[in-house]
Structure formats: structure tokens, C-alpha cells
Amino acid sequence: MAVFSTRAALGGAYFGSAALIIVMNNGAGDDAIERVVGEIERMGSKAHLSRGQFRTVIGAVGEEGVLDQVHLSSLDGVEKVVPIMKPYKLASREFHEDDSVVEIGGGSTPKVRIGGTLAACIAGPCAVENEEMLYKIARHVREGGATVLRGGVFKPRTSPYSFQGHGEPALKWMRACGDELGMPICVEVMDTRQVEMMERYVDCFQIGARNMQNFDLLREVGKTRKGVLLKRGLAATVKDWLLSAEYVLSQGNRNVILCERGIKTFEDSARYTLDITSIPVAKQWSHLPLVVDPSHCAGRRDWVPSVALAGMAAGAHGIIVEVHYCPSEAQCDGPQALLPEVFRELMVQVRQIAAVVKKEFAEIGETAGA
Ligand code: PEP
Ligand code: MN
């Protein structure tokens, strides 16, 4: 992300962004940390604290030529100052070496933790069609082992004449249903104007593939402290995707979960092509948790289980999957919705694969207060 500064405007020169990691000494106290943060802010930059078990690391993202590496290195308690070379800064492994664990829920539901060795299953209907179907599907997915409930209330449809979702009333059903079953809820937000209203209800915002580069929307959810499930755009590289995550992180919201949901390729037999390779790539470049969406790439329910298992085997921290007990009646994405019994069987296999790659799925209840 390049910034066109006042200086650049005056002098005609172009300054890019710069990022530094300030690694504090093992025993550095709060005073030393506060001093470093103060100096970073004095330089017109934002400081992002990452407190580890033994040491604190401070990320500073600001303007090239203004962030003073030498000065920061000289401050008390600073062990070293290292520039982050990647274009995405806070999303990079350089900023945060260990896997991040993102927590969603924890208010009126148990907390669900995703990342590191902790995997989670997010499941539910594509769209919330009515209250009764929502509760029915939610009970099914909960029994099958999902810990987070998904359900769209604003739907990004290719045609403006297709079902667009029920909006706020459906959000109220989602909230009540999640609370009753003890499941945090994940709901797609499509527009900056929806963020304030939705923030009152959701535990996790979903950013749809088509909105991955809606930068204003990313900034807006970045100002909240809710989870943000960031789907990869249909034609986005892994780098683009991480730069989008950076928009959210740069606003101070650390709770980003990446979601690989398939990209456009020349292959047209399935709806999209799940980029399996992006899983190890994104995990190497970034500390953020990553889940796989087998439903939207497959587009057909009989192909969904294989893709889900492949995603887990490749190292995903879980899946987000669409389920419906009567797909022929679904108003959106019926052909790819798994029947509840198939979902249940799939989760048995998903857990087996997860065990092989050293990940564990918590049960509902286990996550409470964790
Ligand atoms: C969805 O999750 O229902 C959806 C529309 O997903 P995507 O943005 O990946 O197409
Ligand atoms: Mn869908």
C-alpha cells in the first residue's frame, strides 16, 4: 500500500510505506514498551503490539523515510529493529512468527478458537430463508459437529432478480438461534452501510469473494473487533488476498480468518477451482488461520466431501460448508448444499484427516471460556 504524502505532493517525490518490527528485550518493562510506542506515534506511524509469552514485538507501519530505524534501535529495552520486506506487513510471518489463534464469539455464546492446532467447522445454509428452516439446519449442523453457524442475510447474487436475502429480520433469527444452540454466528456483510447495524448481532463478518477488494468495506470491518472471514477473490493472487487482510489488520482488528473458496481458471467442469497450493503458500507467508470452502468451488454436493478432505489434508484450520435438509427448496446454492446425514458422515472423516495433520476440532462446550 503506497501512500501519497503531503511531502510527496509538495516535493513531487513519491514515498512508499515502510514497516519495521521492533523486538523488545526479554525483560523489557511496560515503560520501555510505552516509550517505543510513543516514539512510533511521534513519527506519524501506527504501533501494533504483539505480546508473546517471553517478549513483546511492536510492529510499526508508516511512511518511508519518516520511520527512523536507527533512533528506534537506540531506545531502552529494544533488542533489534528489523524491516518487514513483504508488501503485506501485519499479515506476514515476519511480524508474527507463530500461528495466530483467532477467537470468535464469547459474548452470548461460547468462544470458538481457530488457528494453530485448533480447527473449526462453520456450517449452515447459504441463505436464511425463514426462521423455521434456520433452526432446523442449525440443529443438524450442531449435531454433526459444527461449532459456528453460517447463514447469509444479504446475498451477492449474479442477477438482481434472484433472492437477495431477508436482511435485519433474518439477522435477528441468526442471533437468537446461535445463542440458543451455543454457536457464534458468521454472516456476510456486503456494504459499508451495513457494518454498524450488523456489528450489533454478528460474531464474525464474512467478506464475500466478490468484495475481497472492497477496500472501504475492509477498513470498516477493521474498525470493529469482530471476526472477519475473508474469502479469496475469484481472480485474486495469494498476495492480493493477504494485502486485503492487511487492510483489516491495519485498522487494529487482528481477528482475520482467510478462506480459500476457489478461483476462476480455464477449467469449467466445476464452478471454481479450489487452489490447494494456496493453502501451504498462504500459511507460509502469513500467520493468519485459513479455512477452506468446498461448497462454492464444487458447486455440486457430490464433489463437496472430497474437496473438504483435501483442504484439511493440505493444512487448513477447518471448513465452511453449506447444508440444507431440502436443497431443492433452497433459494440460493441448493445444488451444492450437503444433506444433513452426508454432512455428519463428512465430519467423521474430516476429524480423521485432522488428526493425521495434528489439528483438533473442539466440541461445543469445550470452547466455552477457553
Ligand atoms: C456464500 O458464502 O454464500 C458466498 C456467496 O460465497 P462467495 O463469496 O465465496 O461466493
Ligand atoms: Mn452460497
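See the structure above.
What this report covers is the structure whose coordinates are included nearby.

Calculation criteria
Numbering of residues begins from 1 in every chain and follows the order in which that chain's sequence is written. Think of it this way: whatever chain is written first is A, whatever ligand is written first is 1, and the rest follow in order. For a predicted model such as this one, the threshold for reporting local features is a pLDDT of at least 70, and the threshold for listing and counting side-chain atom pairs is 80 or more; totals across whole chains, interfaces and linings nevertheless cover every residue. The side-chain figures draw on all heavy atoms in the structure; neither hydrogens nor water molecules are used. Any carboxyl oxygen of Asp or Glu that lies within 4 Å of a side-chain nitrogen of Lys or Arg is treated as forming a salt bridge with it. Helix numbering and strand numbering both begin at the N terminus, where a helix is a DSSP run of H or I of at least 4 residues and a strand a DSSP run of E of at least 2. Buried, partly exposed and exposed residues are distinguished by accessible area as a fraction of the type maximum, computed with a 1.4 Å probe on protein chains only: under 20%, between the cut-offs, and over 50%, respectively. For each residue, the test is whether any non-hydrogen atom lies within 4 Å of the molecule or strand; if one does, the residue is near. As used in this structure description, the phrase polar contact means that two N or O atoms lie within 3.5 Å; if the pair is within protein, one of them must be able to donate a hydrogen and the other to accept it, and residues adjacent in sequence are counted only when both atoms belong to side chains. Computed by Shrake-Rupley with a 1.4 Å probe, the accessible areas treat only the displayed protein chains as cover when residues are assessed. Only Asp, Glu, Lys and Arg are considered charged in this grouping, and only Ala, Val, Leu, Ile, Met, Phe, Trp, Tyr, Cys and Pro are considered nonpolar; every other residue, Gly among them, is considered polar. A donor here means any N, O or S atom no more than 2.8 Å from the metal (3.2 Å for Na, K and Ca); water is not included, so a site may seem to lack partners. Only protein atoms enter the 1 Å grid used here, on which a cavity is any set of points holding a 1.4 Å probe that cannot leave and a pocket is any open set flanked by protein within 12 Å on both sides along at least five of seven lines; residues with an atom within 4 Å of a point are listed as lining. Grid points are joined across faces, edges and corners, and a volume is the space filled by probe spheres set on the points.

Applying the stated criterion to the full structure yields 20 salt bridges. Among the salt bridges present, the one from Arg-175 reaches Asp-203, with a minimum N-O distance of 3.0 Å. With Arg-175 in helix α5 (residues 168–181) and Asp-203 in the loop between α6 (192–199) and β10 (204–207), this pair connects stretches of sequence that are 28 residues apart. The pair Arg-175 / Asp-203 is uniform in exposure class, with both members buried. Note that Asp-216 is salt-bridged to Arg-219, the shortest N-O span being 3.3 Å. Within this pair, Asp-216 and its partner Arg-219 are both found in helix α7 (residues 215–222), separated by 3 residues, close to a single helical turn. Of the residues examined, Asp-216 reaches a relative accessible area of 49% and is grouped as partly exposed. Linked through salt bridges whose partners overlap, the residues forming this network are Glu-103, Lys-111 and Arg-113.

Moving on to the site of ligand 1. Around ligand 1 sit 13 residues in total, of which Arg-150, Gln-206, Ala-209, Arg-210 and Arg-261 are the nearest. Between ligand 1 and Gln-206, the relevant distance is 2.9 Å, taken from an oxygen atom to a side-chain nitrogen or oxygen of the residue. A distance of 3.0 Å separates an oxygen atom of ligand 1 from a polar side-chain atom of Lys-231. About the coverage of ligand 1: the protein hides 97% of its 300 Å² of free accessible area. Here the residues of the shell around ligand 1 are counted per class, giving 3 nonpolar, 3 polar and 7 charged.

Right, let's get into the coordination of the manganese ion (ligand 2). The protein atoms donating to the manganese ion (ligand 2) are Cys-126 (SG), His-296 (NE2), Glu-322 (OE) and Asp-333 (OD), with metal-donor distances spanning 2.0 to 2.4 Å. Linear spacing of the donor residues for the manganese ion (ligand 2) on their chain is C-x169-H-x25-E-x10-D. Taken together, the residues Glu-322 in strand β14 (residues 318–322) and Asp-333 in the loop between β14 and α12 (340–356) connect sequence positions 11 residues apart. The buried category is assigned to Asp-333, whose relative accessible area is 16%.

Attention now moves to empty space enclosed by the protein. All chains considered together, the criterion is met by 2 cavities of 30 Å³ or more. As a volume, the second largest cavity reaches approximately 40 Å³. Along the walls of the second largest cavity sit Pro-125, Cys-126, Ala-127, Glu-129, Met-133, Glu-322, His-324, Ala-330, Cys-332, Asp-333, Gly-334 and Ala-337, which together make up its complete lining. A breakdown of the residues in the lining of the second largest cavity according to their chemical character gives 7 nonpolar, 2 polar and 3 charged.

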